[in-house]
Amino acid sequence: MNSTKKIEKLPFEIIEIGAVKLDDKLNLLSSFSEIIRPVVYPTINTIIHDIVNIDNKEFKSKRLFKDVITDFFNWCGKDYTFCTWGNMDLTELQRNLDYFNVKGMINGPVIYYDLQKIFSLQTIGKKDMFSLEHAIDYYNIEKDDHFHRAYYDARYAAKIMKKLDFNHLKTYYSIDCYQNPQSLDEVIFANFGTYSKYVSQEFSSKEELMEDKALTTINCYKCNRPVTYMVNWFCNSVKTYSCITKCSEHGLLKGKIRVKKAKDDKLFAIKTVSSTNEEGYKLLKNRQQLIRAKRKAKRTRKKASE
């Protein structure tokens, strides 16, 4: 990408596709690598050049995105699952597919494996944003290629997968919602053992969204029993609603609804339910009371000024 003003529908133009294909035992089957000639941001700026080490002159003889990506998906075949480092690659891929009007390559929402998340869960027991190079250093894997080049990064990621307890941790798959559910028939419910996730259909407004019983009803993710609400749903921020419930067998649970914008200006939501404790309950209860007090004070000031 260059210094040209960013286009809202395509903030990042893909300039390289690099991937490796592994079998069920994580053995290398084949690879794909090709540089793409950019047309939206045709000149790479100095910062990007220093990171990826691609010279602008290299692009002149390269093929366009539509041609390269068609060959890439033909190489992928019909039965595959994406594995990425971080949660942005698939979103940007789909955004490029939309912008360049390449149809039928991916139907979403997309189930994939975020190796950054899986590495973090295995090493520190929670999600964090470790770099690919950090993971390479952690496992003492030889650095025989550059970082930040698509093909080399894919090779490094494959080597990390062999170090992970992947068969155990692959239950923590990820869901890319660039293509969000359009109707009730397409909603997604996933239970990851330590929390559950629900991806809703589209709504016209936040008010309509929060009236949907399928979204706002919580059952215990461990036993699926109804719960008692300790803190009812409240607007925690502009795009977030929170609540606290209690399962008679498994204790306190925290519900969180994140409101997302769909491509057609409608809204959808991602609800997560996870365990919490007394401290988490008190913090959220205090947060609710503080927000209510601020709103009440604001109404009082407005009424006094009328």
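All values reported here derive from a predicted model rather than from experimental measurement.

1. Looking at the environment of C235
Consideration 1: Residue position: C235 is located in strand β8 (residues 228–237).
Consideration 2: Contacts of C235, omitting those with residues within four sequence positions, involve T240, Y241, I291 and R295.

2. So, the packing of helix α2 (residues 65–76) against helix α3 (residues 89–99)
The axes of two packed helices give the description: the angle between them and the distance between them.
Consideration 1: Direction vectors running N to C along α2 and α3 enclose 125 degrees, while the axes themselves pass 11 Å from each other. It follows that α2 is oblique to α3 by the angle criterion. Of the two possible hands of crossing, α2 and α3 adopt the one that is left-handed. On the side of α2, the interface is formed by F65, I69 and F73, while α3 contributes L93, N96 and L97.

3. Let's talk about the sheet that holds strand β9 (residues 240–247)
Consideration 1: Read from one edge of the open sheet, 6 strands run β6-β7-β11-β10-β9-β8, paired in antiparallel fashion. Every interior strand has two partners, whereas the edge strands, β6 (188–191) and β8, have only one. Each adjacent strand pair in this sheet contributes to an overall mean axis angle of 15 degrees, direction not counted.
Consideration 2: Here 8 bridges tie β9 to strand β10 (residues 251–261), and the two strands are oriented antiparallel to one another. Bridge pairing links C247 to G251 in β10.
Consideration 3: Here helix α10 (residues 278–305) sits on the sheet in contact with β8, β9 and β10, set at roughly 55 degrees to β8.

4. With respect to the pattern of salt bridges
Consideration 1: With the rule as written, the count across this model stands at 10 salt bridges.
Consideration 2: Among the salt bridges present, the one from R155 reaches D145, with a minimum N-O distance of 3.1 Å. Here the residue R155 occupies a position in helix α6 (residues 150–163), and D145 occupies one in the loop between α5 (132–138) and α6, the gap between them amounting to 10 residues.
Consideration 3: For R225, the salt bridge identified is with E249, shortest N-O distance 2.9 Å. In this pair, R225 is assigned in the loop between α9 (213–216) and β8 and E249 in the loop between β9 and β10, connecting sequence segments 24 residues apart.
Consideration 4: We classify R225 as partly exposed; its relative accessible area is 41%.
Consideration 5: Each of the salt bridges in this network shares a partner with another, and the network as a whole consists of E34, R63 and D71.

5. What about the packing of aromatic side chains?
Consideration 1: Summed over all chains, the structure comprises 20 aromatic pairs.
Consideration 2: On the numbers, 5.8 Å between centres and 45 degrees between planes, the contact of F32 with W75 is tilted. Here W75 lies in helix α2 and F32 lies in strand β2 (residues 28–35), a separation of 43 residues in the sequence. By the burial criterion, F32 is buried, and W75 matches it.
Consideration 3: Above the face of the F192 ring, K117 is positioned so that its terminal group lies 5.9 Å from the ring centre.

6. Observations regarding the sheet that holds strand β5 (residues 174–176)
Consideration 1: Reading across the sheet, the 3 strands line up as β3-β4-β5 and stay open at both edges, with mixed pairing between neighbours. Each edge of the sheet is formed by a strand with only one pairing partner; in this case those strands are β3 (83–84) and β5.
Consideration 2: In the sheet, strand β4 (residues 110–114) pairs with β5 via 3 bridges, with the strands oriented antiparallel. Residue V110 lies in a different strand from β5, and its bridge partner there is D176.

7. Here's the deal with the nonpolar core
Consideration 1: Membership of the largest hydrophobic core comes to 32 residues, with the highest contact counts inside it found for W85, F119, L132 and I160.
Consideration 2: Listing elements by their share of this core, those giving two or more residues are α4 (115–124), α5, α6, α7 (166–169), β6, β7 (195–199) and β11 (267–275).
Consideration 3: Each residue touching W85, except ones within four places of it in the same chain, is listed here: D114, L115, Q116, F119, F130, S131, L132, A135 and I160.
Consideration 4: One finds I17, V68, I69 and F100 within the second-largest nonpolar core, a separate group that totals 24 residues.

8. Quick word on the pairing of β4
Consideration 1: Taking burial as the measure, the 5 residues of β4 include 4 buried ones, the bulk of the element.
Consideration 2: Two elements, β3 and β4, share 2 bridges in a ladder whose sense is parallel. Note on β4: the bridge partner recorded for C83 is Y113.
Consideration 3: Each parallel crossover has a hand, and the one from β3 via α3 to β4 is right-handed.

Reading guide: rules and limits
- Residues numbered from 1 in each chain as written.
- Predicted model: local features only at pLDDT ≥ 70, side-chain atom pairs only at ≥ 80, totals over all residues.
- Heavy atoms only, no water.
- Helix = DSSP H or I, 4+ residues; strand = E, 2+ residues; numbered from the N terminus.
- Contact = heavy atoms within 4.5 Å.
- Axes fitted to C-alpha atoms, helices over the stretch in contact; angles between N-to-C directions.
- Parallel < 35°, antiparallel > 145°, perpendicular 65-115°, else oblique.
- Left-handed = near helix turned anticlockwise from the far one by under 90°.
- Pairing = 2+ DSSP bridges.
- Salt bridge = Lys/Arg side-chain N within 4 Å of Asp/Glu carboxyl O.
- Buried < 20%, exposed > 50% of the residue type's maximum accessible area, 1.4 Å probe, protein only.
- Phe/Tyr/Trp six-rings, centres within 6.5 Å; stacked < 30°, edge-to-face > 60°.
- Lys NZ or Arg CZ within 6 Å of the ring centre and 35° of its normal.
- Core = buried A, V, L, I, M, F, W, Y, C linked by side-chain atoms within 4.5 Å.
- Right-handed = clockwise from strand over helix to strand, strands pointing away.

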